[in-house]
Amino acid sequence: MRKILSGICLVSIAGLVMLTPAISKKSEAKKIDGEVVFKQHCASCHADGGNSIKPNHPVAEAKELGTLATFKNYLSKPPGHMPYYKNVVDDKGTLEALYKYCKTLKKPKHQQAFEKTPKTAS
Ligand code: HEC
(Lines give C-alpha, C1' and ligand atoms only; values in the text may rest on other atoms or scores of the structure.)
Protein backbone atom coordinates (compact mmCIF):
# COMPACT_ATOMS: atom_id res chain seq x y z
CA MET A 1 0.00 0.00 0.00
CA ARG A 2 2.79 2.39 0.98
CA LYS A 3 4.59 1.72 -2.25
CA ILE A 4 1.53 2.59 -4.30
CA LEU A 5 1.03 5.82 -2.39
CA SER A 6 4.60 6.99 -2.82
CA GLY A 7 4.34 6.01 -6.45
CA ILE A 8 1.36 8.29 -6.87
CA CYS A 9 3.25 11.03 -5.06
CA LEU A 10 6.20 10.75 -7.41
CA VAL A 11 3.99 10.89 -10.45
CA SER A 12 2.21 14.01 -9.26
CA ILE A 13 5.52 15.72 -8.41
CA ALA A 14 6.83 14.88 -11.86
CA GLY A 15 3.63 16.26 -13.31
CA LEU A 16 4.07 19.54 -11.46
CA VAL A 17 7.67 19.91 -12.56
CA MET A 18 6.68 19.36 -16.14
CA LEU A 19 3.81 21.86 -15.92
CA THR A 20 5.76 24.69 -14.33
CA PRO A 21 7.72 25.84 -17.39
CA ALA A 22 4.51 25.84 -19.42
CA ILE A 23 2.86 28.14 -16.89
CA SER A 24 5.72 30.63 -16.75
CA LYS A 25 5.92 30.73 -20.53
CA LYS A 26 2.27 31.64 -20.72
CA SER A 27 2.61 34.62 -18.39
CA GLU A 28 5.63 35.82 -20.34
CA ALA A 29 3.67 35.81 -23.57
CA LYS A 30 0.99 37.92 -21.91
CA LYS A 31 3.35 40.72 -20.94
CA ILE A 32 2.96 43.43 -23.56
CA ASP A 33 5.93 45.55 -24.52
CA GLY A 34 4.84 49.16 -25.03
CA GLU A 35 7.90 49.88 -27.11
CA VAL A 36 6.94 47.15 -29.58
CA VAL A 37 3.37 48.46 -29.80
CA PHE A 38 4.72 51.94 -30.43
CA LYS A 39 7.13 50.73 -33.12
CA GLN A 40 4.32 48.81 -34.84
CA HIS A 41 1.65 51.50 -34.81
CA CYS A 42 3.11 54.90 -34.09
CA ALA A 43 6.80 55.12 -34.97
CA SER A 44 6.13 55.58 -38.70
CA CYS A 45 5.04 59.14 -37.87
CA HIS A 46 6.37 59.52 -34.34
CA ALA A 47 9.92 58.14 -34.59
CA ASP A 48 11.75 58.79 -31.30
CA GLY A 49 8.62 60.43 -29.91
CA GLY A 50 8.69 63.24 -32.49
CA ASN A 51 6.20 63.93 -35.28
CA SER A 52 7.31 63.74 -38.89
CA ILE A 53 4.04 65.22 -40.23
CA LYS A 54 3.52 68.03 -37.74
CA PRO A 55 6.86 68.59 -35.99
CA ASN A 56 5.28 70.87 -33.39
CA HIS A 57 3.02 68.02 -32.21
CA PRO A 58 5.48 65.43 -30.85
CA VAL A 59 4.21 62.55 -28.68
CA ALA A 60 7.01 63.10 -26.20
CA GLU A 61 5.79 65.21 -23.27
CA ALA A 62 2.47 65.90 -25.00
CA LYS A 63 -0.37 67.11 -22.81
CA GLU A 64 -2.41 64.20 -24.18
CA LEU A 65 -0.23 61.95 -21.99
CA GLY A 66 -1.53 63.63 -18.83
CA THR A 67 -3.63 60.65 -17.73
CA LEU A 68 -4.43 57.27 -19.22
CA ALA A 69 -8.03 58.45 -19.74
CA THR A 70 -6.90 61.54 -21.68
CA PHE A 71 -4.60 59.39 -23.79
CA LYS A 72 -7.36 56.90 -24.52
CA ASN A 73 -9.74 59.69 -25.41
CA TYR A 74 -7.25 61.24 -27.79
CA LEU A 75 -6.49 57.94 -29.53
CA SER A 76 -10.22 57.22 -29.80
CA LYS A 77 -10.81 60.37 -31.81
CA PRO A 78 -7.48 61.22 -33.36
CA PRO A 79 -7.45 64.51 -35.29
CA GLY A 80 -6.16 65.05 -38.81
CA HIS A 81 -3.75 62.50 -40.20
CA MET A 82 -3.58 60.23 -37.23
CA PRO A 83 -5.16 56.82 -37.81
CA TYR A 84 -7.59 55.26 -35.33
CA TYR A 85 -6.19 52.07 -33.84
CA LYS A 86 -9.22 50.25 -32.51
CA ASN A 87 -7.23 47.18 -31.48
CA VAL A 88 -4.88 49.31 -29.37
CA VAL A 89 -7.54 51.52 -27.78
CA ASP A 90 -9.88 48.64 -26.93
CA ASP A 91 -7.23 46.41 -25.36
CA LYS A 92 -6.52 47.62 -21.83
CA GLY A 93 -3.19 45.82 -21.53
CA THR A 94 -1.91 47.10 -24.86
CA LEU A 95 -3.10 50.63 -24.18
CA GLU A 96 -1.49 50.73 -20.74
CA ALA A 97 1.80 49.36 -22.02
CA LEU A 98 1.82 51.91 -24.84
CA TYR A 99 0.92 54.71 -22.44
CA LYS A 100 3.75 53.81 -20.08
CA TYR A 101 6.21 53.74 -22.96
CA CYS A 102 5.04 57.09 -24.35
CA LYS A 103 5.54 58.66 -20.91
CA THR A 104 9.21 57.68 -21.03
CA LEU A 105 9.81 59.51 -24.31
CA LYS A 106 11.74 62.74 -24.21
CA LYS A 107 11.51 65.52 -26.75
CA PRO A 108 14.29 65.38 -29.33
CA LYS A 109 17.20 67.69 -28.52
CA HIS A 110 16.74 69.93 -31.55
CA GLN A 111 13.14 70.54 -30.54
CA GLN A 112 14.17 71.66 -27.05
CA ALA A 113 16.72 74.01 -28.55
CA PHE A 114 14.05 75.36 -30.88
CA GLU A 115 11.70 76.08 -27.99
CA LYS A 116 14.38 77.66 -25.84
CA THR A 117 15.34 80.24 -28.49
CA PRO A 118 14.43 83.61 -26.99
CA LYS A 119 11.64 85.30 -28.89
CA THR A 120 13.18 88.75 -28.55
CA ALA A 121 16.48 87.80 -30.21
CA SER A 122 16.87 89.73 -33.45
C1 HEC B 1 0.03 58.53 -40.04
C2 HEC B 1 0.84 59.20 -39.08
C3 HEC B 1 0.59 58.98 -37.59
C4 HEC B 1 0.57 57.79 -36.90
C5 HEC B 1 0.77 56.40 -37.46
C6 HEC B 1 0.34 58.13 -35.51
N7 HEC B 1 0.23 59.49 -35.36
FE8 HEC B 1 0.02 60.48 -33.59
N9 HEC B 1 -0.09 62.26 -34.62
C10 HEC B 1 0.02 62.40 -35.99
C11 HEC B 1 -0.24 63.79 -36.35
C12 HEC B 1 -0.23 64.38 -37.76
C13 HEC B 1 -0.51 64.47 -35.14
C14 HEC B 1 -0.88 65.94 -34.94
C15 HEC B 1 -2.39 66.01 -34.96
C16 HEC B 1 -2.89 67.41 -34.97
O17 HEC B 1 -3.10 67.95 -33.87
O18 HEC B 1 -3.09 67.92 -36.04
C19 HEC B 1 -0.38 63.48 -34.07
C20 HEC B 1 -0.51 63.76 -32.71
C21 HEC B 1 -0.34 62.86 -31.68
C22 HEC B 1 -0.38 63.19 -30.28
C23 HEC B 1 -0.62 64.59 -29.70
C24 HEC B 1 0.65 65.40 -29.77
C25 HEC B 1 0.39 66.89 -29.67
O26 HEC B 1 1.26 67.59 -29.13
O27 HEC B 1 -0.63 67.34 -30.18
C28 HEC B 1 -0.20 62.03 -29.59
C29 HEC B 1 -0.16 61.87 -28.05
C30 HEC B 1 -0.03 60.98 -30.56
N31 HEC B 1 -0.12 61.52 -31.82
C32 HEC B 1 0.17 59.65 -30.25
C33 HEC B 1 0.20 58.63 -31.20
C34 HEC B 1 0.26 57.24 -30.86
C35 HEC B 1 0.34 56.70 -29.45
C36 HEC B 1 0.26 56.56 -32.04
C37 HEC B 1 0.27 55.04 -32.21
C38 HEC B 1 -0.83 54.31 -31.60
C39 HEC B 1 0.22 57.52 -33.13
N40 HEC B 1 0.18 58.76 -32.56
C41 HEC B 1 0.25 57.20 -34.47
C42 HEC B 1 0.31 61.40 -36.90
C43 HEC B 1 0.37 60.04 -36.61
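Heads up: the structure comes first, above all this text.
Chains are numbered independently. Their residues run from 1 in the order of the written sequence. Local features in a predicted model are, by the rule used here, given only for residues with pLDDT of at least 70; side-chain atom pairs are given and counted only at 80 or more, and totals for whole chains, interfaces and linings are based on all residues.

What follows covers the site of the ligand. Surrounding the ligand, one finds 22 residues, the nearest of these being Cys42, Cys45, His57, Ala62 and Gly80. Each helix is a run of H or I in the DSSP string that is no shorter than four residues. Each strand is a run of E no shorter than two, and both are numbered from the N terminus. Mapped by element, the contributors of at least two residues to the shell around the ligand are helix H3 (43–46) and helix H6 (92–104). A class-by-class count of the residues in the shell around the ligand yields 13 nonpolar, seven polar and two charged. Residues are counted as near a molecule or strand when the C-beta atom, derived from backbone positions, lies within 6 Å of that molecule or strand. Each residue is assigned to one class: nonpolar for Ala, Val, Leu, Ile, Met, Phe, Trp, Tyr, Cys and Pro, charged for Asp, Glu, Lys and Arg, and polar for all the others, Gly among them.

Among the nonpolar cores identified, the biggest contains nine residues, and these are Val37, Phe38, Cys42, Val59, Leu95, Ala97, Leu98, Tyr101 and Cys102. Within the residue set of this core, elements represented by two or more residues are helix H2 (34–41) and H6. The element contributing the most residues to this core is H6, with five residues. Any pair of residues counts as being in contact when their C-beta atoms, constructed from backbone geometry, are within 7 Å of one another. Among all residues touching Leu95, those that are not within four sequence positions of it are Lys72, Val88 and Val89. Think of a nonpolar core as buried Ala, Val, Leu, Ile, Met, Phe, Trp, Tyr and Cys residues chained together by C-beta atoms that fall within 7 Å. Note on burial: count the other C-beta atoms lying within 10 Å of the residue's C-beta; 20 or more is buried, 12 or fewer is exposed, in between is partly exposed, and C-beta positions come from the backbone.

It is worth spelling out unusual backbone geometry at this point. The phi dihedral of Asp48 falls on the positive side, at around 55 degrees, and the residue is not glycine. Mapped onto the secondary structure, Asp48 falls in the loop between H3 and helix H4 (68–76). Phi at Glu61 is positive, roughly 60 degrees, even though this residue is not glycine. With respect to the helices, strands and loops of the structure, Glu61 is situated in the loop between H3 and H4. Under the C-beta neighbour-count criterion, Glu61 is labelled partly exposed, with 14 such atoms within 10 Å.

Time to look at the environment of Cys102. Here Cys102 lies in helix H6. Judged by the 22 C-beta atoms lying within 10 Å of it, Cys102 is buried. Measuring from C-alpha to C-alpha, the distance between Cys102 and Gly49 comes to 7.4 Å, with 53 residues separating the pair along the chain. Filtering out sequence-adjacent residues up to four positions away, Cys102 remains in contact with Phe38, Val59 and Leu65.

In short, the description is geometric, and any link to function would need to be established separately.
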